[in-house]
Amino acid sequence: MTGNEEKKSRKRKGITAAELQSQLEADPAYVERVKQEEEDQAARAAAAAEEERPILADLKKVGIEVNSIWCMVNSKAKFIPALPYLVKHLGLPYSNTTRAGIARALAVPEAHFAWDFIAQLYVDEPETTDGSTNWAKEGLALALSAAATSAELTRVSALMSEQKHGPSRLYLVNALRRLDGVEVEAMLRRFSEDELFSAEIRAVSVAKAKRSRRR
């Protein structure tokens, strides 16, 4: 294959990822854009760390030392002594991201003592009107579903029915996944026809059926 033929062949096949990266790095506008994005990301991380300082200071009082509240989210470690402090800070005017992290850290059954408080925060938290995600509201829904008991099912049902709470309501289905009983079965039937919940409800019903057969 001649040199020209090789060039034509490469053109037809397209350039490699390494070649594309090399071209981009030779573009001053691209380099500047990447630099700005990295600086913005570093600034956001620094601002988040500064905002979390009083929360982490409270956690340190009960022997819990973490670099961020997000270290506690979905962790297998038990942070039960931290829960009262997390509840305290959940009600304070932090950024949406920080409140989302606190709420998700509270998404454990042991946070049941604060269920009413979290439910009120969820109700008061406005849903976005521009189609974007309200991470704090989703976090609150996750906390409610993780801490709910059979005693809260009626209120969970009411919250799921309130369309003003938007797509965050979908996370409340997790309570139905964890709990059993006549009321749960009634709620699964009731919400199975709702477009928002139908797929998730179907998955929960299948999982419960399989679990029942194994007993």
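Residues numbered from 1 in each chain as written. Predicted model: local features only at pLDDT ≥ 70, side-chain atom pairs only at ≥ 80, totals over all residues. Heavy atoms only, no water.

Asks: When you look at the overall build of the protein in this model, what are you seeing that I'm missing?
Replies: What the protein contains, in helices and strands, is 11 helices and zero strands. When the helices and strands of the protein are placed in sequence order, the string is α-α-α-α-α-α-α-α-α-α-α. The proportion of buried residues among the 215 residues of the protein is 34%. Across the protein, contacts joining residues at least 24 apart in sequence account for 64% of those joining residues at least 6 apart. For the protein, the accessible area works out to roughly 13,300 Å², and carbon and sulfur atoms hold 54% of it. (Helix = DSSP H or I, 4+ residues; strand = E, 2+ residues; numbered from the N terminus. Buried < 20%, exposed > 50% of the residue type's maximum accessible area, 1.4 Å probe, protein only. Contact = heavy atoms within 4.5 Å. Areas by Shrake-Rupley, 256 points an atom, 1.4 Å probe, with all protein chains shown as cover.)

Asks: When you look at the packing of aromatic side chains in this model, what are you seeing that I'm missing?
Replies: Ring pairs (aromatic) are described by centroid distance and by the angle formed between their planes. One pass over the structure, following the stated rule, counts one aromatic pair. Note on Phe 191 and Phe 197: the rings are 5.3 Å apart at their centroids and 70° apart in plane angle, and the pair reads as edge-to-face. Phe 197 carries the same exposure label as Phe 191, and that label is buried. Over the face of the ring belonging to Tyr 122 we find Lys 137, whose NZ or CZ atom lies 4.0 Å from the ring centre. (Phe/Tyr/Trp six-rings, centres within 6.5 Å; stacked < 30°, edge-to-face > 60°. Lys NZ or Arg CZ within 6 Å of the ring centre and 35° of its normal.)

Asks: In this structure, what is going on with the nonpolar core? I would like to understand it.
Replies: In globular proteins that are soluble, nonpolar side chains generally tend to be buried together. One finds Leu 86, Leu 106 and Met 160 to be the most contacted residues of the largest nonpolar core, which totals 47 residues. Excluding residues that lie within four positions of it along the chain, Leu 86 makes contacts with Ile 55, Leu 59, Met 72, Ile 102, Ala 105 and Leu 106. (Core = buried A, V, L, I, M, F, W, Y, C linked by side-chain atoms within 4.5 Å.)

Asks: Got a minute to help me understand the environment of Ser 157 in this structure?
Replies: Among the secondary structure elements, Ser 157 is positioned in helix 8 (residues 153-161). Separated by 33 residues in the primary sequence, Ser 157 and Arg 190 have C-alpha atoms spaced 9.5 Å apart. Look past the residues within four positions of Ser 157 in its chain and what remains in contact with it is Met 187, Arg 190 and Phe 191.

Asks: What should I look at first to understand the packing of helix 6 (residues 115-124) against helix 7 (residues 135-147) in this one?
Replies: Each pair of packed helices can be summarised by the angle the axes make with each other and by the distance between the axes. In the contact formed by helix 6 and helix 7, the axes pass within 9 Å of each other and the chain directions differ by 150°. As the angle between them shows, helix 6 and helix 7 are arranged roughly antiparallel. Helix-helix and strand crossings are classified by hand; for helix 6 and helix 7 the assignment is left-handed. Together, Trp 115, Ile 118, Ala 119, Leu 121 and Tyr 122 of helix 6 and Lys 137, Leu 140, Ala 141, Ala 143, Leu 144 and Ala 147 of helix 7 make up the contact between the two elements. Counted by class, the contact of helix 6 with helix 7 contains 10 nonpolar, no polar and one charged residues. (Axes fitted to C-alpha atoms, helices over the stretch in contact; angles between N-to-C directions. Parallel < 35°, antiparallel > 145°, perpendicular 65-115°, else oblique. Left-handed = near helix turned anticlockwise from the far one by under 90°. Nonpolar A, V, L, I, M, F, W, Y, C, P; charged D, E, K, R; others polar.)

Asks: Quick question: what am I supposed to make of the confidence of the model for the protein here?
Replies: Per-residue pLDDT for the protein averages 87, and the proportion of residues at 70 or more is 84%. When pLDDT is averaged over each helix and strand of the protein, the minimum, 47, is found for helix 1 (residues 3-13) and the maximum, 98, for helix 6. Note on residues 5-12: pLDDT under 50 across the span, and four contacts to partners over four residues away in sequence or across chains. (pLDDT = per-residue confidence, 0-100.)

Asks: Is there a simple way to explain the side chain of Asn 134 in this structure?
Replies: Of note, Asn 134 is situated in the loop between helix 6 and helix 7. A relative accessible area of 6% places Asn 134 in the buried class. At 2.8 Å, the side chain of Asn 134 forms a polar contact with the backbone oxygen of Pro 126. Discounting chain neighbours no more than four positions away, the residues touching Asn 134 are Asn 96, Glu 125, Pro 126, Glu 127 and Thr 128. (Polar contact = N/O pair within 3.5 Å; in protein donor to acceptor, adjacent residues only side chain to side chain.)

Asks: What is the right way to read the pattern of salt bridges from this model?
Replies: When their charged atoms lie close together, side chains carrying opposite charge are able to pair. Overall, the coordinates contain 10 salt bridges when judged by the stated rule. Glu 110 is the partner of Lys 78 in a salt bridge, and the nearest nitrogen-oxygen pair spans 3.1 Å. Taken together, the residues span a long stretch of sequence, with Lys 78 in the loop between helix 3 (28-60) and helix 4 (83-90) and Glu 110 in the loop between helix 5 (96-105) and helix 6 at a distance of 32 residues. Classification of Lys 78 as exposed rests on a relative accessible area of 59%. Here Glu 110 falls in the partly exposed class, since its relative accessible area comes to 30%. One salt-bridge network, in which partners are shared between bridges, spans Asp 58, Lys 61 and Lys 88. (Salt bridge = Lys/Arg side-chain N within 4 Å of Asp/Glu carboxyl O.)

Asks: Teacher, can you tell me more about unusual backbone geometry here?
Replies: One non-glycine residue with positive phi stands out, namely Asn 74, at about 60°. Among the structural elements, Asn 74 can be located in the loop between helix 3 and helix 4.

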